[in-house]
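Chain by chain, the residues run as shown.
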Amino acid sequence: MDLLGKVFVAAIIAVVVLIALYFSLKFIIGAPRISEQQAISLVRSDLINSNPGAVVNITNVTPSQFAGSWHIIASVITQPSSPCPSYSVYSYDYPKYGFINRTENTYTKDCVIYGMQNKSYIIASFPVAITWSYDLDVPQVMDFVKSYGFGNVTVNASYFSNTTVLSRNYTDVWIVRYSSADSNHTVSVLISQVGGNLLLEHNSSNAA
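Residues numbered from 1 in each chain as written. Predicted model: local features only at pLDDT ≥ 70, side-chain atom pairs only at ≥ 80, totals over all residues. Heavy atoms only, no water.

## Focus on the pairing of strand 7 (residues 168-180)
Consecutive side chains along a regular strand alternate between the two faces of the sheet. We apply this condition: Whether two strands pair depends on DSSP finding at least two bridges between them. Only DSSP runs of H or I covering at least 4 residues are called helices, and only runs of E covering at least 2 are called strands; the numbering of each starts at the N terminus.
Where strand 6 (residues 153-165) lies against strand 7, twelve bridges are found, and the strand directions are antiparallel. Each bridged residue has a counterpart across the sheet, and for Tyr 159 the counterpart in strand 7 is Trp 174. Hairpin connection between strand 6 and strand 7: a loop of two residues separates the two successive antiparallel strands, and Leu 166 in this loop has a positive phi of roughly 50°. In the sheet, strand 7 pairs with strand 8 (residues 185-192) via six bridges, with the strands oriented antiparallel. Looking at strand 8, one finds that Val 173 is bridged to Ser 192. Between strand 7 and strand 8, which pair antiparallel one after the other, the connecting turn spans four residues.

Here it is as structure tokens:
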């Protein structure tokens, strides 16, 4: 083989080596690192698309144990204004495992409150407060839901550290209100934040 041929072969070998080195380094380094905000946006969008109408919140983000990924904690509240909203917390390692999540906790689902073990239980979220008030089988609430239909009732819950209702002062309570577009009145129940004790139930006109 003449000199020109040897140079040509050497050049081809060098190119092959460089290509192999490039792909080896790309495999080792992995895909370009996704930013924290990109990961949050993508995970949040996937949750919203998978749970139409749900309340979705990203509650914590930290670097994942998997290089180039983020460990994301998200809460999802489905049917948030129904008498029995569902409330769960999920974790992701994105983009390592894509949109595959792990259930970290389920607080409420199908009118059941999980983890309710004793009288010192603290109601810390509105989905739990709503479900709790419904599970108490308060006569006015049950009659209201039965009259207008489970799917036609809208429920909201608000926490008050101090409030006055019907000339009486209450501290650390949840007020849960049941209303319907077909009704001219609202049913409200007051429950204690600690223990979920029923403190008061009353009707009020929507015009009031």
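## Brief notes about the sheet that holds strand 6
Counted only if it meets this: Axis definition: a line fitted to C-alpha atoms, limited for helices to the stretch in contact. Angles are taken between N-to-C directions and run from 0 to 180 degrees.
One open sheet holds the four strands; their spatial order is 6-7-8-9, and the pairing between them is antiparallel. Two strands lie at the open edges of the sheet, namely strand 6 and strand 9 (198-205), each paired on one side alone. On average, adjacent strands in this sheet sit at an angle of 25° to one another, irrespective of strand direction.

## Observations concerning the nonpolar core
Rule in force here: The criterion is simple. A nonpolar core is a set of buried Ala, Val, Leu, Ile, Met, Phe, Trp, Tyr and Cys residues joined through side-chain atoms within 4.5 Å. Here the term buried applies to any residue with accessible area under 20% of the maximum for its type, exposed to any over 50%, and partly exposed to those in between, with areas from a 1.4 Å probe on protein chains only. Any two residues whose heavy atoms approach within 4.5 Å at even a single point are treated as in contact.
Ile 123, Ala 129, Trp 132, Val 141, Val 176 and Tyr 178 are the most contacted members of the largest nonpolar core, which totals 22 residues. Sequence-distant contacts of Ile 123, that is, excluding residues within four places in its chain, are made with Val 128, Ala 129, Trp 132, Trp 174, Ile 191, Ser 192, Gln 193 and Gly 196. Membership of the second largest hydrophobic core comes to 15 residues, among which are Ile 34, Ala 39, Ile 40 and Tyr 90.

## So, the sheet that holds strand 2 (residues 70-78)
One open sheet holds the five strands; their spatial order is 1-2-3-4-5, and the pairing between them is antiparallel. Two strands bound the open sheet, and with one partner strand each, they are strand 1 (55-63) and strand 5 (112-113). Pairing analysis gives five bridges linking strand 3 (residues 86-94) to strand 4 (residues 102-109), with the strands arranged antiparallel. Along strand 4, the bridge assignment pairs Val 89 with Asn 105. Where helix 2 (residues 36-50) meets the sheet, it contacts strand 1, strand 2 and strand 3, and its direction lies at approximately 150° from that of strand 1.

## Focus: the state of the cysteines
Here is the rule we go by: Cysteine sulfur atoms are paired as a disulfide whenever they come within 2.5 Å of each other.
Summed over the entire model, instances satisfying the criterion amount to one disulfide. With a sulfur-sulfur separation of 2.0 Å, Cys 84 is cross-linked through a disulfide to Cys 111. The sign of the 105° torsion about the S-S bond sets the Cys 84-Cys 111 disulfide as right-handed. Of the two residues, Cys 84 sits in the loop between strand 2 and strand 3 while Cys 111 sits in the loop between strand 4 and strand 5, which places them 27 residues apart along the sequence.

## Re the side chain of Ser 188
Relative to the helices and strands, Ser 188 resides in strand 8. The contacts of Ser 188, once residues within four sequence positions are left out, are Val 176, Arg 177, Leu 200, Glu 201 and His 202.

## Observations concerning helix 4 (residues 139-148)
For the α-helix, the turn length of 3.6 residues means that residues three or four positions removed from each other point alike. Operational definition: Think of it as the arc spanned by the lines of direction from the helix axis to the C-beta atoms.
Three or more residues of helix 4 are buried, namely Val 141, Phe 144 and Val 145. Buried residues of helix 4, seen end-on, are gathered within an arc of 95° and therefore sit on one face of the element. In helix 4, the exposed positions angled more than 90 degrees off the buried face are occupied by Pro 139, Lys 146 and Ser 147. On its buried side, helix 4 packs onto helix 3 (126-135), strand 6, strand 7 and strand 8. Trailing helix 4 by a residue or two, Gly 149 shows a phi angle of about 95°, which is positive.

## Overview of the packing of aromatic side chains
Using the following cut-off: Centres within 6.5 Å make a pair out of two Phe, Tyr or Trp rings, where for Trp the six-membered ring is used; the pair is then stacked when the planes are under 30 degrees apart, edge-to-face when over 60, and tilted otherwise.
Counted by the stated rule, this structure contains seven aromatic pairs. Ring centres 5.5 Å apart and planes at 35° place the aromatic pair Tyr 121 and Trp 132 in the tilted group. Here the residue Tyr 121 occupies a position in the loop between strand 5 and helix 3, and Trp 132 occupies one in helix 3, the gap between them amounting to eleven residues. Judged by relative accessible area, Tyr 121 falls into the buried class, the value being 15%. Plain terms: the ring middles of Tyr 159 and Trp 174 are 5.7 Å apart, the flat faces sit at 55° to each other, and that makes the pair tilted.

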